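Coordinates in review
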Amino acid sequence: MGFFDSLDGNLDDLLGNLNYLKKKLVSESQEIKKAARLRYELLNEERKLSEAFEKLGKHQYRALKGEVSDLDVSETLQEIERLESRISSLKMGLDLSEKTSGISFTEENSSQDAYESSSIFVRDEEDRGSIIFIEEDEDENR
């Protein structure tokens with residue numbers, strides 16, 4: 001019976017390890033989701049800021065040409081200040097999120113072994129060089 005007791009103990013250890021891995025994956029995926037949401041908001045705010053500067057530039061161009069512009073300059077300047085403040089706070093939040101999670105996003109894939117996919121490339125600094133590929137689930141695209 002010692003064999004079955006040993007097998008039972010090994011299976012219990014395996015189950016414990018699998019549960020630990022599951023919890024770790026859920027936790028890290030939540031951190032990745034949070035960081036991705038922050039990056040999305042940051043890109044959105046930067047786009048809005050670019051549009052505000054474009055409006056201001058068009059207004060100035062029309063003014064130099066002697067044409068009339070109906071742009072409220074003080075309102076546009078306030079919008080620019082608000083957007084710059086929001087972008088700054090989002091960047092701080094993203095930096096804090098990446099520092100506390102130990103996960104950093106990279107722009108390009110430098111691994112020679114990596115394959116092309118529509119995945120998120122993440123480098124986990126705690127594991128010293130391990131690379132996590134998160135494949136898109138086909139059900140999520142529907």
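Every chain begins its residue count from 1, and numbering advances along the sequence as written. Under the rules for a predicted model, residues below a pLDDT of 70 receive no local features and side-chain atom pairs below 80 are neither given nor counted, while totals for whole chains, interfaces and linings still include all residues. Side-chain metrics in this entry use all non-hydrogen atoms of the structure; hydrogen atoms and water are not considered.

Some thoughts on the nonpolar core
In this text, buried Ala, Val, Leu, Ile, Met, Phe, Trp, Tyr and Cys residues form a nonpolar core when linked through side-chain atoms within 4.5 Å. Each residue's exposure class comes from its accessible area (1.4 Å probe, protein chains only) as a fraction of the maximum for that residue type: buried when under 20%, exposed when over 50%, partly exposed otherwise. Ranked by size, the top nonpolar core spans 10 residues in total: A35, L38, L42, L49, A52, I80, L83, I87, L90 and L94. Of all elements in the fold, only α1 (2–65) and α2 (73–101) reach the threshold of two or more residues within this core. Segments assigned H or I by DSSP are reported as helices when at least four residues long, segments assigned E as strands when at least two residues long, and all are numbered from the N terminus.

Comments concerning the side chain of S69
Locating S69 in the fold gives a position in the loop between α1 and α2. Engagement of the side chain of S69 in a polar contact is seen with the side chain of H59, the distance being 2.9 Å. In what follows, a contact means two residues having at least one pair of non-hydrogen atoms within 4.5 Å. Here S69 is in contact with H59 and R62, once residues within four sequence places are set aside. Polar contacts, as used here, are pairs of N or O atoms within 3.5 Å; protein pairs need one atom able to donate a hydrogen and one able to accept it. Residues neighboring in sequence count only if both atoms are side-chain atoms.

Observations regarding the pattern of salt bridges
By convention in these notes, a salt bridge is any Lys or Arg side-chain nitrogen within 4 Å of a carboxyl oxygen on Asp or Glu. Under the defined criterion, the tally for this structure stands at 6 salt bridges. We note a salt bridge from E45 to K48, for which the minimum N-O separation is 3.5 Å. Taken together, the residues span about one helical turn, with E45 and K48 both in helix α1 at a distance of 3 residues. Residue class for E45 comes out buried when judged on its relative accessible area of 8%. With a relative accessible area of 32%, K48 lands in the partly exposed category. R47 serves as the salt-bridge partner of E51, at 3.0 Å between the closest nitrogen and oxygen. Remark: R47 and E51 occur in helix α1; sequence separation between them is 4 residues, near one turn of the helix.

A word on the confidence of the model for the protein
Every residue is assigned a pLDDT by the predictor, reflecting its confidence on a scale from 0 to 100. When pLDDT is averaged across the protein, the result is 76; 68% of the residues are at 70 or more. Within the protein, no element has a lower average pLDDT than strand β3 (residues 130–134), which sits at 42, and none a higher one than α1, at 89. Between residues 109–137, whose pLDDT stays under 50, and residues either more than four places distant or in other chains, the model counts 49 contacts.

Some details on the environment of S88
Assignment of secondary structure puts S88 in helix α2. For the pair S88 and L42, spaced 46 residues apart in the sequence, the C-alpha separation amounts to 9.0 Å.

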